[in-house]
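# Geometric and topological summary
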Amino acid sequence: MACMNEDGQWIVLMGLLVALGLFFLALIINQSALVGQTTAEGVLEFPKNDIRDLREAVFDYVEKGRLEAVQKDIIAISLERKNAVVSFSAGEQQGVSGRLLRPVIIHYNNGVTEYDETVYY
Amino acid sequence: MVNDSGQLYTMEGVAAGIIMLLTVYIVISTTSIYTAGDTHIPDMQLEQLGSDVLAMMDTPNAKDLKSDLEVFVNTGNSTDFESTFLNYCNTRTSGATDELHMSANVTYRDGNDIKERQFVAPDDSWTGRESAVRVTRWVQLPSANPYGGVRVRAVLVEVLLWRA
């Protein structure tokens, strides 16, 4: 080490900057696991298929004569097997865009997701 | 003449090399983080596949005909139900078929009680520790049905689906 001078201080300073950069990258990576977890839980808990299935069942109920027993079946089984409070009803036929349709009110709530719909069928 | 004035440059070069290698490693590894979210994607795909299969089975071939699903449930035909279901979800475009297995229950209301009956029993691949998904479908049965008969009723067909 014959001729030492102070030029190396830049290297040290840049080294510190790189270290800080790495630290922030590590923070971001650390967050990604948590983000993935909550996203997946959100997607899995959302009852997309349950709601679609319920809508089809309600339309089927309207089509096949709106029997009270069938309505009770769907409400009771939904509560027991899907932990969902369900209620639905179909009104009298009325003219909508030149066709006679019934207003069907569908309500679904499983404690996490609430879904309400009024559809003319 | 040989002296040691180049040593500091050598050390700087080594440090710079390590930093560059580290940067490349971090950049490559960030593009492929396997987060907890990714582990649930196969489950979501399986659930969608099962729902689609039940929707296909619940679609009649023509207007005023009954769907396969309704006929199978109403006649208690669990053999055909199982083979149709597995045929739909194991079929691939080419090559060997997929390895999905299933069991099924039917839930119905009897007065104030909710009762459940096994429709298709699980096969030998079932150990109880599979990562199974549940897919369901409402079926409205005519008044002559094996679930208490006497009246038109809505029953819930629940299928457990797993890969083995």
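Reading the values: the criteria
- Residues numbered from 1 in each chain as written.
- Chains lettered and ligands numbered in written order.
- Predicted model: local features only at pLDDT ≥ 70, side-chain atom pairs only at ≥ 80, totals over all residues.
- Contact = placed C-beta atoms within 7 Å.
- Helix = DSSP H or I, 4+ residues; strand = E, 2+ residues; numbered from the N terminus.
- Nonpolar A, V, L, I, M, F, W, Y, C, P; charged D, E, K, R; others polar.
- Expected span 1.5 Å × (residues − 1).
- Buried ≥ 20, exposed ≤ 12 C-beta atoms within 10 Å, placed from the backbone.
- Domains from an automatic or database assignment.
- Pairing = 2+ DSSP bridges.
- Axes fitted to C-alpha atoms, helices over the stretch in contact; angles between N-to-C directions.
- Arc of directions from axis to C-beta.
- pLDDT = per-residue confidence, 0-100.

We now examine the interface of chain A and chain B. Size of an interface, as often reported, equals the accessible area lost when the parts are brought together. Tallying the contact residues gives 33 residues for chain A and 31 residues for chain B. Put simply, the parts of the chain that give the side of chain A that touches chain B at least two residues each are helix H1 (9-45), helix H2 (48-63) and helix H3 (68-82) of chain A. Ranked by the residues each element gives to the side of chain A that touches chain B, the list is headed by H1(A), at twelve residues. Each residue belonging to the side of chain A that touches chain B can be placed in one class, and the counts come to 19 nonpolar, six polar and eight charged.

On to H1(A). Taking 1.5 Å per residue as the helical rise, H1(A) with its 37 residues ought to reach 54 Å, and the 55 Å between its terminal C-alpha atoms agrees with that figure. Counting buried positions along H1(A) gives zero out of 37 residues, so the element sits mostly on the surface.

Our next topic: unusual backbone geometry. Residues and elements named next belong to chain A. Of note in this structure, Asn83 is not a glycine but carries a positive phi near 50°. Within the element layout of this structure, Asn83 appears in the loop between H3 and strand S1 (85-90). The phi dihedral of Ser97 falls on the positive side, at around 50°, and the residue is not glycine. Examined against the element boundaries, Ser97 turns out to sit in the loop between strand S2 (94-96) and strand S3 (99-101). Ser97 sits in the exposed class, given 6 other C-beta atoms within 10 Å.

With that settled, consider the domain arrangement of chain A. Looking at the assigned domains, one finds that chain A contains domain 1 (11-45) and domain 2 (48-120). When each unit is reduced to the centre of its C-alpha atoms, the spacing between domain 1 of chain A and domain 2 of chain A is 45 Å.

Take Asp4(B): it is sitting in the segment before helix H1 (7-30). Sequence separation between Asp4(B) and Arg151(B) is 147 residues, and the spatial gap between their C-alpha atoms is 100 Å.

With that settled, consider the sheet that holds strand S4 (residues 153-163) of chain B. Ordered in space as S2-S1-S4-S3 (chain B), the four strands form an open sheet in which the pairing is antiparallel. Unpaired on one side and paired on the other, strand S2 (113-120) and strand S3 (133-141) of chain B mark the two borders of the sheet. Sheet twist, expressed as the average angle between the axes of neighbouring strands with direction ignored, equals 25°. Here strand S1 (residues 100-110) of chain B pairs with S2(B) via seven bridges, running antiparallel. Bridged to Ala104(B) within S2(B) is Val120(B). Sheet strands in contact with H2(A) are S3 and S4 of chain B, and its direction is about 5° off that of S3(B). Across the sheet, helix H3 (residues 41-57) of chain B touches S3 and S4 of chain B, and the angle it forms with S3(B) is around 20°.

Further remarks concern helix H5 (residues 78-90) of chain B. Residue and element names in this part refer to chain B. An ideal rise of 1.5 Å per residue puts 18 Å on 13 residues; H5 measures up with 18 Å between its terminal C-alpha atoms. For H5, the complete set of buried residues consists of Phe81, Glu82, Phe85 and Cys89. Taken around the axis of H5, the buried residues stretch over an arc of 95°, which confines them to a single face. What points out from H5, more than 90 degrees from its buried face, is the exposed set Thr79, Asp80, Ser83 and Asn87. Against the buried residues of H5 lie H3, helix H4 (68-75), S1, S2 and S4.

Residues and elements named next belong to chain A. Strands sit in the order S1-S4-S5 across an open sheet of three strands; the sheet is antiparallel. Only two strands of the sheet have a single partner each, and these edge strands are S1 and strand S5 (114-120). Recorded for the sheet is a direction-independent mean angle of 5° between the axes of neighbouring strands. Packing of H2 onto the sheet brings it into contact with S1, strand S4 (103-109) and S5, and relative to S4 it is tilted by some 145°.

Another aspect to go through is the pairing of S1(B). One ladder, built from eight bridges, connects S1(B) with S4(B); its direction is antiparallel. By the bridge assignment, Ala104(B) is partnered in S4(B) with Val159(B).

In this model, chain B carries a mean pLDDT of 87, and residues with pLDDT of at least 70 account for 94%. In the predicted assembly, ipTM is 0.72 and pTM is 0.74.

With that settled, the discussion passes to the environment of Ser5(B). Along the chain, Ser5(B) falls in the segment before H1. C-alpha separation for the pair Ser5(B) and His101(B), spaced 96 residues apart in sequence, amounts to 73 Å.

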